[in-house]
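Report on the structure
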Amino acid sequence: METYALLLASTLNAGTVLAIAALGLLISEKAGIVNLGAEGMMLCAALAGFAAVVHTGSDLAGFAAGAAAGAALALIFGVLVIWLNTNQYATGLALSLFGAGFSAFVGVGYVQEKLPERPRFSIPALGDVPLLGPALFQHHPVVYLTIALVAGLVWFLYRSRAGLVLRSVGESPESAHALGYRVRRIRLAAVVTGGALCGLSGAYLSVIYTPLWVEGMVAGKGWIALALTTFATWRPARVLLGAYLFGGVTMLQFHFQAVGIEVASEFLNMLPYLATIVVLALISRNPAWIRLNMPASLGKPFYPGS
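Description of the structure in this document. Just so we're clear, the structure is a prediction, and the values are computed from it rather than from any experiment. Counting restarts for each chain, with residues numbered from 1 along the sequence as it is written. For this predicted model, a pLDDT threshold of at least 70 governs which residues receive local features, and a threshold of 80 or more governs which side-chain atom pairs are given and counted, while totals over whole chains, interfaces and linings are taken from all residues. Values reported for side chains reflect all heavy atoms of the structure, with hydrogen atoms and water molecules removed beforehand.

Brief notes about the overall build of the chain
The secondary structure listing takes helices from DSSP runs of H or I that are at least 4 residues long and strands from runs of E that are at least 2 residues long, numbered from the N terminus. Helix and strand counts for the chain stand at 13 helices and zero strands. Walking the chain from its N terminus toward its C terminus, one meets helices and strands in the order α-α-α-α-α-α-α-α-α-α-α-α-α. For 306 residues, the compact-globule estimate of 2.2 N^0.38 gives 19 Å, and the C-alpha radius of gyration of the chain, at 19 Å, lies within 12% of that figure. Each principal axis of the C-alpha atoms in the chain carries an extent, and together these give about 60 × 45 × 40 Å. Between buried and exposed lies partly exposed: a residue is buried under 20% and exposed over 50% of the maximum accessible area for its type, with that area taken using a 1.4 Å probe on protein chains only. Split into buried and exposed, the 306 residues of the chain put 50% on the buried side. Once local pairs closer than 6 in sequence are excluded, the contacts in the chain between residues at least 24 apart make up 78%. Total accessible area on the chain is roughly 14300 Å²; 69% of this is exposed by carbon and sulfur atoms. Charge convention: Lys and Arg are scored as positive, Asp and Glu as negative, and His as well as the terminal groups of each chain are ignored. By convention, the charge on Lys lies at NZ, on Arg at CZ, on Asp at CG and on Glu at CD. Counting 17 positive and 12 negative side-chain charges, the chain places the averaged centre of each group 19 Å from the other. We compute the radius of gyration over the C-alpha atoms and compare it with the globule rule, which gives 2.2 Å times the number of residues raised to the power 0.38. Residue contacts are defined here by distance: any two heavy atoms, one from each residue, within 4.5 Å place the two residues in contact. The method behind every accessible area is Shrake-Rupley, applied with a 1.4 Å probe, and residues are considered shielded solely by the protein chains displayed.

Listed below in structure tokens is the structure:
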């Protein structure tokens, strides 16, 4: 039972990294912009967050630095695709490649650095409950804030006027423009917000999840987060469930090793990506599932003068 409690705890921890990034990408895509640069943004943010904690000793400084790094890269991406009308897919791939190379170059001096000791988090009373305490109530506050973020995003998108405007920009930017809304500014705000969340995810990865810096440590999680938006059919609550699902698949490799099941490590390492491909293939069999909530203008440029 203790082994399963630890598996559940590690699943929540791993799923948080994916959920924060995927929620950021969902906000961007709700406005009609596809950002394939999540991997690069998360890498640069992971380095920025780790470096900030090394120099300040503050986790909050690390999270702020990571979010700022992600937002800055997303701002560059947004200006290129929204104002200069570059191709969204090519620009996103370029951002991802840039982030990987830039973080590897700048981060050489931080490979051997170690973060200071941090306090152990536990919810009073609940954290001491046998089995359930270690599984659910001894996580970093960001884990619980992510769940609150999902609830807040659901309210924002489907219960607020601002959320309605954001969705209208993703559905029909021409109509939103005709009603007097500044489509480009709204899209840029969504892209920068999404980048900040991707940055927060990267910082959480290097500061809390695996408190170290290693070149390429995001290891494809940005691409999985991107696939999660489609898997969840652009619904925030489904993003959270999907993140925990893929987080659990990721942690299975360590669970198998703990219980003595001999499986090739190469196979275990590819499980999260195999699960991503299988899920996307199953969803793609019924295009109506994807079209149900997909923004109608997703990936399409908008020219105000036309």
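Considering the packing of aromatic side chains
Only rings of Phe, Tyr and Trp enter the pairing, Trp through its six-membered ring, and a pair is recorded when the two centres are within 6.5 Å. The plane angle decides the type: under 30 degrees is stacked, over 60 is edge-to-face, the rest tilted. Applying the stated criterion across every chain yields a total of two aromatic pairs. Ring plane angle 20 degrees and centroid distance 5.4 Å describe the contact between Phe98 and Phe102, whose orientation is recorded as stacked. Here Phe98 pairs with Phe102, and both are found in helix 4 (residues 88-106), just four residues apart, close to one helical turn. A relative accessible area of 44% means that Phe98 is categorised as partly exposed. For the ring pair Phe231 and Phe246, a centre distance of 5.6 Å and an interplane angle of 65 degrees mean the geometry is edge-to-face. Taken together, the positions of Phe231 in helix 10 (residues 221-231) and Phe246 in helix 11 (residues 236-258) put the pair 15 residues apart, joining distant regions of the chain. The class for Phe231 is partly exposed, based on a relative accessible area of 23%. A relative accessible area of 3% places Phe246 in the buried class.

A short note on the side chain of Ser297
As for its placement among the helices and strands, Ser297 is situated in the segment after helix 13 (287-293). A relative accessible area of 8% means that Ser297 is categorised as buried. Apart from residues no more than four positions distant in its own chain, Ser297 is found in contact with Gly32, Gly170, Glu171, Ser172, Pro173 and Arg187.

Structural notes on the packing of helix 3 (residues 59-83) against helix 9 (residues 183-209)
As a packed pair, helix 3 and helix 9 sit with axes 6 Å apart at the nearest point and diverge in direction by 145 degrees. The crossing of helix 3 and helix 9 is right-handed. Each residue belonging to the contact of helix 3 with helix 9 can be placed in one class, and the counts come to 18 nonpolar, six polar and four charged. Working convention: axes come from line fits to C-alpha atoms, limited for helices to the stretch in contact. Angles between N-to-C directions cover 0 to 180 degrees. Crossing handedness is defined as follows: a turn of the near helix away from the far one that is anticlockwise and smaller than a right angle gives a left-handed crossing, while the clockwise case is right-handed. Residue polarity follows a fixed list, in which Ala, Val, Leu, Ile, Met, Phe, Trp, Tyr, Cys and Pro are nonpolar, Asp, Glu, Lys and Arg are charged, and the others, Gly among them, are polar.

Describing the nonpolar core
What is meant by a nonpolar core is a set of buried Ala, Val, Leu, Ile, Met, Phe, Trp, Tyr and Cys residues, joined one to another through side-chain atoms within 4.5 Å. Grouped together as the largest cluster of nonpolar side chains are 75 residues, with contacts concentrated most on Cys198, Tyr204, Tyr209, Trp213 and Phe246. Broken down by secondary-structure element, the contributors of at least two residues to this core are helix 1 (2-30), helix 2 (38-56), helix 3, helix 6 (141-159), helix 9, helix 10, helix 11 and helix 12 (265-284). Top contributing element to this core by residue count: helix 1, with 13 residues. Filtering out sequence-adjacent residues up to four positions away, Tyr204 remains in contact with Asn13, Thr16, Val17, Phe63, His140, Val142, Val143 and Tyr209.

Topic: empty space enclosed by the protein
A cavity here means a set of 1 Å grid points, computed over protein atoms only, where a 1.4 Å probe fits but cannot escape. A pocket is an open set with protein on both sides within 12 Å along at least 5 of 7 lines, and lining residues have an atom within 4 Å of a point. Grid points are joined across faces, edges and corners, and a volume is the space filled by probe spheres set on the points. If you walk through the whole model with that rule in mind, you get one cavity of 30 Å³ or more. Estimated volume of the largest cavity: approximately 40 Å³. Every residue along the wall of the largest cavity is listed here: Ile33, Val81, Ile82, Asn85, Gln88, Arg187, Pro301 and Phe302.

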